[in-house]
Structures are given as C-alpha cells and as structure tokens.
Amino acid sequence: MTQTPTLPDPEKVKQTVARMREVCRQFDSLNFALDELIAQIEVDIWHSSLTAYRLGKIPSTANSVETDN
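Residues numbered from 1 in each chain as written. Predicted model: local features only at pLDDT ≥ 70, side-chain atom pairs only at ≥ 80, totals over all residues. Heavy atoms only, no water.

Enquirer: Quick one: what's the story with the overall build of the protein chain, residue by residue and with numbers?
Expert: A tally of helices and strands in the protein chain yields three helices and zero strands. Listed by position from the N terminus, the elements making up the protein chain come as α-α-α. With 69 residues in all, the protein chain has 4% of them scored as buried. Summed over its atoms, the accessible surface of the protein chain is roughly 6,800 Å², and 60% of this surface lies on carbon and sulfur atoms. (Helix = DSSP H or I, 4+ residues; strand = E, 2+ residues; numbered from the N terminus. Buried < 20%, exposed > 50% of the residue type's maximum accessible area, 1.4 Å probe, protein only. Areas by Shrake-Rupley, 256 points an atom, 1.4 Å probe, with all protein chains shown as cover.)

Enquirer: Help me get a handle on the environment of Ile-58, residues and values and all.
Expert: Within the secondary structure layout, Ile-58 lies in the loop between helix 2 (49–54) and helix 3 (61–68). Discounting chain neighbours no more than four positions away, the residues touching Ile-58 are Ser-49, Ala-52 and Tyr-53. (Contact = heavy atoms within 4.5 Å.)

Enquirer: Go over the environment of Ala-52, please, and point to the residues and values.
Expert: Mapped onto the secondary structure, Ala-52 falls in helix 2. Residue classification places Ala-52 among the buried positions, given a relative accessible area of 18%. Discounting chain neighbours no more than four positions away, the residues touching Ala-52 are Lys-57 and Ile-58.

Enquirer: Explain the pattern of salt bridges residue by residue, including any values.
Expert: Under the definition given, this model contains one salt bridge. Between Arg-25 and Glu-22 there is a salt bridge, with the nearest N and O atoms lying 2.6 Å from each other. Taken together, the residues Arg-25 and Glu-22, both in helix 1 (residues 10–46) and three residues apart, mark about one turn of the helix. (Salt bridge = Lys/Arg side-chain N within 4 Å of Asp/Glu carboxyl O.)

Enquirer: Which residues make up the side chain of Thr-51, and what values do they have?
Expert: Relative to the helices and strands, Thr-51 is located in helix 2. On the accessibility criterion, Thr-51 (16% relative accessible area) is buried.

Enquirer: Pulling in residues and values, what's your account of a nonpolar patch on the surface?
Expert: Where nonpolar side chains cluster on the molecular surface, the patch consists of Val-23, Phe-27, Leu-30, Leu-34, Leu-37, Ile-38, Ile-41 and Ile-45 and spans about 700 Å² of accessible area. Within the element layout of this structure, Val-23 appears in helix 1. The exposure class of Val-23 is partly exposed, given its relative accessible area of 34%. (Patch = residues over 30% accessible without salt bridge, like charges linked within 9 Å, V, L, I, M, F, W, Y side chains within 5 Å.)

Enquirer: Lay out the confidence of the model for the protein chain with the relevant residues and their values.
Expert: Residues with a pLDDT of 70 or more make up 84% of the protein chain, whose mean pLDDT is 86. Helix 3 is the least confidently modelled element of the protein chain, averaging 55 in pLDDT, while helix 1 averages 96, the highest of any element. (pLDDT = per-residue confidence, 0-100.)

Below, the structure is given as structure tokens:
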C-alpha cells in the first residue's frame, strides 16, 4: 500500500542546480550594484546644501535677510 518515492533524473537535478546557482550569482551581482548605488546616494545627500542646512552648518536665507535689514 505504501508507494516508494521515485528519485528524480540525475541530469534534471544537475540542470536545476546549475540554474539555481546562476540565479544566486545574478542576485549577488544585483545586491552589489544596489550597494554601490546606495553609497553614491549617501555621498550625494551628505554633499547637499539641504543636509548642511538641516545640520545647522549654513544659515537659512530667510533669517539672514531679516538680520540684514
């Protein structure tokens, strides 16, 4: 009454493993590219005048106009 499980074709297993390894390699490559992009964006953010303003490194233009009058 119990059925014995059939083993998959060894060639099919090799093909599946090869495809999965390729997919993993592609994901690793994509993750690396995204990490580089995130790093570039972080540099852009830190060099932005808005970030400098928010950190108080440059005065706001509205306040400097009022104090000049």
